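The residues making up each chain are set out below.
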Amino acid sequence: MSTFKIEGGHQLKGSIKPQGAKNEALQILCAVLLTPEEVTIKNIPDIVDVNKLITLLGNLGVAVNKLDANTYKFKAEHINLEYLESDEFKVEGRGLRGSIMIVGPLLARFGKGYIPKPGGDKIGRRRLDTHFEGFINLGAKFRYNREDHFYGVEAERLKGTFMLLDEASVTGTANIVMAAVLAEGKTTIYNAACEPYLQQLCRMLNRMGAKISGIGSNMLVIDGVDNLGGTEHTMLPDMIEIGSWIGLAAMTKSELTIKNVSWDDLGQIPNVFRKLGITVEQQGDDIHIPAHKDGYQIQNYIDGSILTIADAPWPGFTPDLLSIVLVIATQARGEVLVHQKMFESRLFFVDKLIDMGSKIILCDPHRATVIGHDFKSTLKATTMTSPDIRAGISLLIAALSAKGTSVIHNIEQIDRGYENIDQRLRAIGAKIERLPGN
């Protein structure tokens, strides 16, 4: 288990470019299974979870050609379906939450898709019902082996239908869309997720020959086609990483420029940080954060009541940035209620922040009230363990702002979502060292 050693309290300066979007990558990579033709994907983040999925695709029989650190060519011409029932697949598929999205493409193209119960972050329940109910609505037969925790769906040919999703699940919508593009007839998905990454997937599929309309709305209409062809695709920058760097700049009172952020795809993110008192300037397609030498003040509502920041399906605020909001608020002027609606375990890292001197009241598994220090009392260095990707980056930001030397164990969790993070932080002046595990 590797460790970060961080000497906090230093101002940073310079520019940083966000990696390709992790959550988009997991969808886009699974879509290569829909065609025997070549698909080229650019701006793939070089992170643990994405690399695991690429390895899994290779084991399935996809020809993988790495052109450079972030560009690959894939050709899913000869797929080994027997691998789906191997012990090796049961282990590999279980270790990655995003592996669930291979099921839709395999079901659509080959008539069957299997997956062990996926793992991933321990942030609360993330059910798979939306995925499999969608496949069943398209005509697939579902089976579940309780002993092995192994799911399967099979169908000779999927048939289009109308469905109303019980939740606007991003991965569920993506999986159903990838199944429906090769189904017979028309499929209408109402209450579909409409995040930019899902829009990217739909546009890529249309370039491959799919017929998807309603992109960007919560109702997608898909006219099934017989086959799809190859294409080239460039992924968006990771909006969660962009939000992380905004938070890092504010907490360390640093002047930072975040390059090539794709402003049109950031939605509420800049405005939410502005509500926390952070100056977020648009410079072309870059974000500039000036040094907040006098700190930053949280806005109240117009009636004077305390600000609440909560997550919601797009175009609402992403749940992946609530932990960053919570950390930023610990040094703001004012108070904020952070309401994590989607996951019941994602706020449980606040005990580490309390140990560092933060004033946080954990109201229940979903809500925390933060009373800011206004930098009058700095956070104190400590030793801690990263519980998941998003809590891990938040603790790292806290450590970079804290007085003294902090140690973060289990940084493999952070590596799952952030590419070469220690090298990139050192390039802008951070005092961070990666120590090998025992």
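Residues numbered from 1 in each chain as written. Predicted model: local features only at pLDDT ≥ 70, side-chain atom pairs only at ≥ 80, totals over all residues. Heavy atoms only, no water.

**Notes on the environment of Leu-379**
Its location among the elements puts Leu-379 in the loop between strand 20 (367-371) and strand 21 (383-385). A residue is classified by how much of its surface remains accessible, and Leu-379, at 1% relative accessible area, is buried. Residues Leu-379 and Gln-199, 180 residues apart in the sequence, show an inter-C-alpha distance of 40 Å. Setting aside residues up to four positions removed in sequence, Leu-379 forms contacts with Met-251, Thr-330, Gln-331, Met-356, Gly-357, Ser-358, His-373, Ala-398, Ser-401, Ala-402 and Lys-403. (Helix = DSSP H or I, 4+ residues; strand = E, 2+ residues; numbered from the N terminus. Buried < 20%, exposed > 50% of the residue type's maximum accessible area, 1.4 Å probe, protein only. Contact = heavy atoms within 4.5 Å.)

**Brief notes about the packing of aromatic side chains**
This structure, assessed with the given rule, holds 11 aromatic pairs. With 5.9 Å between their ring centres and 80° between their planes, Phe-132 and Phe-135 make a pair best called edge-to-face. In this pair, Phe-132 and Phe-135 both sit in helix 5 (residues 129-137), three residues apart, roughly one turn of the helix. The residues Phe-132 and Phe-135 share a single accessibility class, namely buried. Ring centres of Phe-132 and Tyr-151 lie 5.1 Å apart, and the angle between their planes is 20°; on these two criteria the pair is classed as stacked. You can see Phe-132 sitting in helix 5 and its partner Tyr-151 sitting in strand 8 (residues 150-154), a full 19 residues away along the chain. Per residue, the accessibility class of Phe-132 equals that of Tyr-151, and both read buried. An aromatic cluster is built from Phe-132, Phe-135, Phe-142, Tyr-144 and Tyr-151, whose rings are joined through pairwise contacts. A cation over an aromatic ring shows up here: Lys-90 above the ring of Phe-150, its NZ or CZ 5.2 Å from the ring centre. The ring of Phe-375 has Lys-253 lying over it, and the distance from NZ or CZ to the ring centre is 4.4 Å. (Phe/Tyr/Trp six-rings, centres within 6.5 Å; stacked < 30°, edge-to-face > 60°. Lys NZ or Arg CZ within 6 Å of the ring centre and 35° of its normal.)

**A word on the pairing of strand 8**
The buried count for strand 8 comes to four of five residues, which makes it a mostly enclosed element. Pairing of strand 6 (residues 112-116) with strand 8, which is carried by five bridges, proceeds in the antiparallel orientation. Pairing of Ile-115 across the sheet is with Tyr-151, part of strand 8. Pairing between strand 7 (residues 141-145) and strand 8: five bridges, direction antiparallel. Within strand 8, the position partnered with Asn-145 by the bridge is Phe-150. In this structure, the hairpin formed by strand 7 and strand 8 is closed by a connection of four residues, where His-149 is found at a positive phi of approximately 50°. (Pairing = 2+ DSSP bridges.)

**Quick word on the pattern of salt bridges**
Oppositely charged side chains are able to pair whenever their charged atoms sit close together. For the structure shown, the criterion picks out 17 salt bridges. Two residues, Asp-286 and Lys-259, come together in a salt bridge whose shortest N-O distance is 2.9 Å. Taken together, the residues span a long stretch of sequence, with Asp-286 in strand 16 (residues 286-289) and Lys-259 in the loop between strand 14 (255-258) and helix 9 (269-275) at a distance of 27 residues. We classify Lys-259 as partly exposed; its relative accessible area is 31%. One network of salt bridges, in which partners are shared, links Asp-415, Asp-422, Arg-426 and Arg-434. (Salt bridge = Lys/Arg side-chain N within 4 Å of Asp/Glu carboxyl O.)

**Things to note about the confidence of the model for the chain**
Averaged over all residues, the pLDDT of the chain equals 93, while 98% of them reach at least 70. Per-residue pLDDT stays below 50 along residues 120-125; that stretch engages in 18 contacts with residues further than four places along the chain or on separate chains. (pLDDT = per-residue confidence, 0-100.)

**Looking at a nonpolar patch on the surface**
Side chains of Phe-162, Leu-164, Tyr-190 and Met-219 sit close together on the surface and give an oily, nonpolar patch of about 420 Å² of accessible area. With respect to the helices and strands, the residue Phe-162 is situated in strand 9 (residues 162-164). Take Phe-162: its relative accessible area is 51%, and that puts it in the exposed class. (Patch = residues over 30% accessible without salt bridge, like charges linked within 9 Å, V, L, I, M, F, W, Y side chains within 5 Å. Areas by Shrake-Rupley, 256 points an atom, 1.4 Å probe, with all protein chains shown as cover.)

**Quick notes on helix 12 (residues 389-401)**
Between its first and last C-alpha, helix 12 extends 19 Å over 13 residues, near the 18 Å set by a 1.5 Å rise per residue. Within helix 12, 13 of the 13 residues are buried, leaving the element largely enclosed by the surrounding structure. Between the side-chain oxygen of the N-cap and the backbone nitrogen of Arg-390 there are 3.0 Å, and the N-cap of helix 12 in question is Asp-388. (Expected span 1.5 Å × (residues − 1). Polar contact = N/O pair within 3.5 Å; in protein donor to acceptor, adjacent residues only side chain to side chain.)

**Considering the nonpolar core**
The biggest cluster of nonpolar side chains holds 77 residues, and the ones touching the most others in it are Phe-273, Ile-278, Ile-287, Leu-326, Leu-396 and Leu-425. Apart from the residues lying within four places of it in its own chain, the contact partners of Leu-396 are Phe-4, Ile-6, Ile-408, Ile-421, Leu-425 and Ile-432. Counting residues in hydrophobic clusters, the runner-up holds 75 residues, among them Leu-53, Leu-60, Phe-150 and Ile-222. (Core = buried A, V, L, I, M, F, W, Y, C linked by side-chain atoms within 4.5 Å.)

**A closer look at the sheet that holds strand 18 (residues 335-339)**
Taken in spatial order, the four strands line up as 17-18-20-19 in an open sheet, and their pairing is mixed. Lying at the two open borders of the sheet, with one neighbouring strand each, are strand 17 (307-310) and strand 19 (359-364). Adjacent strand axes in the sheet meet at a mean angle of 20°, parallel and antiparallel pairs treated alike. The sheet contact formed by strand 19 and strand 20 spans five bridges and is antiparallel. Bridge pairing in strand 20 places Ile-361 opposite Thr-369. (Axes fitted to C-alpha atoms, helices over the stretch in contact; angles between N-to-C directions.)

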